[in-house]
Amino acid sequence: MFYRGDVAYYDVTGRVAEPYVPMKLFFSDTQLAHQPTQYMVHGRIVDPFENPNRATTLIDSLQACGLERAEPNDFGRAPILKVHADHYVAFLEEAYARFMELPSHGPEVLPNVHPYRGASPADADRGAPRVTGIIGRAGWYMGDLSCATMEGTFRAAYASAQTAIAGAEEVLAGAQGAFSLCRPPGHHAYADRCSGFCYLNNAAIAAEVLRRKFARVAIIDFDTHHGDGTQAIFYARADVLYGSVHTDPSAYYPHFAGYADEAGTGAGCGANLNLPLPWGADDAAFIAANARLAQAVTAHGSEALVLSAGWDAHRDDPLSKLAVSTDAYTRIGELYGRLGLPTLIAQEGGYSLTAIAAASRAFVGAFQAAHSMRA
Ligand SMILES: [Zn+2]
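In this text the structure is predicted, and so the values were computed from the model without any measurement.

**Comments concerning the confidence of the model for the protein chain**
Taken over all residues, the pLDDT of the protein chain has a mean of 94, while the share at 70 or more is 95%. Counting contacts from residues 1-8, a segment whose pLDDT is below 50, to residues more than four positions away or on other chains yields 17 contacts.

Structure representation (structure tokens):
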């Protein structure tokens, strides 16, 4: 059965009931090649939360609610280099091989020095560093200890970006919705820096692809972490709105960005909207913040939407400090579906396999149903 309003959109078999916006699910098995063994948390090296099981869980969950899996084409490097500095991409590609030339090296590239330097808010990147050695270069380009880089990392990150591009191309070709199962994720990747499990900023790359047709594009990010990389990339731009609801960064990753007074700079002034939530915030606060973001999309005049979709605000997520339930994802799926815009959903975080399966399915089902009624 199919209902609107307070009732779920699934029938008893778990499939989305008609009518709905058909959506492809883009993913390449190459994205599984990134499987590092190290991640620093609270002073301890542990197994990374961001692992290939997340992707396989999401594929099963989203196929079960009617999405059709599609292999992304290779659209080449040009769309990636529209967002990322070429010297940074070159670093990602060469880092593992160069690090392996060090005496007594570990299994993966990890930095142990960092420069006292960031890009200015109006600059996309800092330029190439003068340092030529791999240790200094790792410190320049790697923002933290959550981006261990192994043999397959660049291949997987490149494929993840191609998955985002393929979804954006699908939308350019006329699809009303597409799901890009980007893994590794992207929203903490800056134009010239990896951090927070992110190497290439998939949502930003997709937004630039959409800009070829749509004059104004919005990226809305409901991952529980602020998308500091995405914010920085578009901070001085008016044509791409960045809006985010996330956990208050004053004692939470990414710590140094995501505050409510960060509103953009220059031409981009007013095109950046941060809605931090306090620890313990519940469904009502999360849904209200997402409603404000949806209003901002309309006010911006965005003609297409990229959703940075993370499921880690869910109360069952090991990283969550919020009290968001699966039902909230149904509600915000309706909110964004009702906008009626051509939409690319780009996967970001979410680390409880049970929660990501439930939340993604609730969100996508509600999004498709609400979008169909709007269309
Ligand atoms: Zn996250």
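**Some words on the pattern of salt bridges**
What the rule picks out here adds up to 15 salt bridges. Of the charged contacts in the structure, one is a salt bridge between Glu 170 and Lys 24, with a shortest N-O distance of 3.8 Å. Remark: Lys 24 occurs in strand E1 (residues 24-26) and Glu 170 occurs in helix H5 (residues 153-172); sequence separation between them is 146 residues. Arg 137 is the salt-bridge partner of Glu 94, the closest N and O atoms lying 3.4 Å from each other. With Glu 94 in helix H3 (residues 86-99) and Arg 137 in helix H4 (residues 134-141), this pair connects stretches of sequence that are 43 residues apart. What makes Arg 137 buried here is its relative accessible area of 13%.

**A few points about empty space enclosed by the protein**
The gaps left among the atoms become clear once a water-sized probe is rolled over them. Using the criterion set out here, one finds 1 cavity of 30 Å³ or more in the structure. Size it by volume and the largest cavity reaches roughly 50 Å³. Residue lining of the largest cavity: His 34, Pro 36, Gln 38, Tyr 39, Pro 48, Glu 50, Ser 146, Ala 148, Phe 197 and Tyr 199, and that is the complete set. When grouped by side-chain class, the residues that make up the lining of the largest cavity number 6 nonpolar, 3 polar and 1 charged.

**Some details on the packing of H3 against H4**
Relative orientation of the contacting elements H3 and H4 amounts to 135 degrees, with a least axis distance of 10 Å. Of the possible angle classes, the one that applies to H3 and H4 is oblique. For the crossing formed where H3 meets H4, the hand is left-handed. Contact residues: His 87, Tyr 88, Phe 91, Glu 94, Ala 95, Arg 98 and Phe 99 in H3; Ile 134, Arg 137, Ala 138 and Tyr 141 in H4. Here the contact of H3 with H4 is composed, by residue class, of 7 nonpolar, 1 polar and 3 charged.

**Quick word on the coordination of the zinc ion**
Protein ligation of the zinc ion involves Asp 223 (OD), Asp 223 (OD), His 225 (ND1) and Asp 312 (OD), the donor distances falling in the range 2.0 to 2.7 Å. Coordination geometry of the zinc ion: the 4 donor atoms subtend angles of 53 to 153 degrees at the metal centre, consistent with an arrangement described as irregular. Sequence positions of the residues that donate to the zinc ion give the spacing D-x1-H-x86-D. Of the two residues, His 225 sits in the loop between strand E6 (217-221) and helix H7 (228-234) while Asp 312 sits in the loop between strand E9 (304-309) and helix H9 (326-338), which places them 87 residues apart along the sequence. Of the two residues examined, His 225 and Asp 312, each falls in the buried class.

**Side note on the environment of Ala 238**
Mapped onto the elements, Ala 238 comes out in the loop between H7 and strand E7 (240-247). For Ala 238, a relative accessible area of 29% corresponds to the partly exposed category. In sequence terms Ala 238 and Gly 268 are 30 residues apart; their C-alpha atoms lie 4.3 Å from each other. Not counting residues within four places of it along the chain, the set of residues in contact with Ala 238 comprises Arg 216, Ala 267, Gly 268, Ala 271 and His 300.

Rules and cut-offs
- Residues numbered from 1 in each chain as written.
- Predicted model: local features only at pLDDT ≥ 70, side-chain atom pairs only at ≥ 80, totals over all residues.
- Heavy atoms only, no water.
- pLDDT = per-residue confidence, 0-100.
- Contact = heavy atoms within 4.5 Å.
- Salt bridge = Lys/Arg side-chain N within 4 Å of Asp/Glu carboxyl O.
- Helix = DSSP H or I, 4+ residues; strand = E, 2+ residues; numbered from the N terminus.
- Buried < 20%, exposed > 50% of the residue type's maximum accessible area, 1.4 Å probe, protein only.
- 1 Å grid on protein atoms, 1.4 Å probe; cavity = no way out; pocket = protein on both sides within 12 Å on 5 of 7 lines; lining within 4 Å.
- Points joined across faces, edges and corners; volume = space filled by probe spheres on them.
- Nonpolar A, V, L, I, M, F, W, Y, C, P; charged D, E, K, R; others polar.
- Axes fitted to C-alpha atoms, helices over the stretch in contact; angles between N-to-C directions.
- Parallel < 35°, antiparallel > 145°, perpendicular 65-115°, else oblique.
- Left-handed = near helix turned anticlockwise from the far one by under 90°.
- Donors = N, O, S within 2.8 Å, 3.2 Å for Na, K, Ca; no water.
- Tetrahedral: all angles 85-135°; square planar, octahedral: opposite > 155°, others 65-115°.

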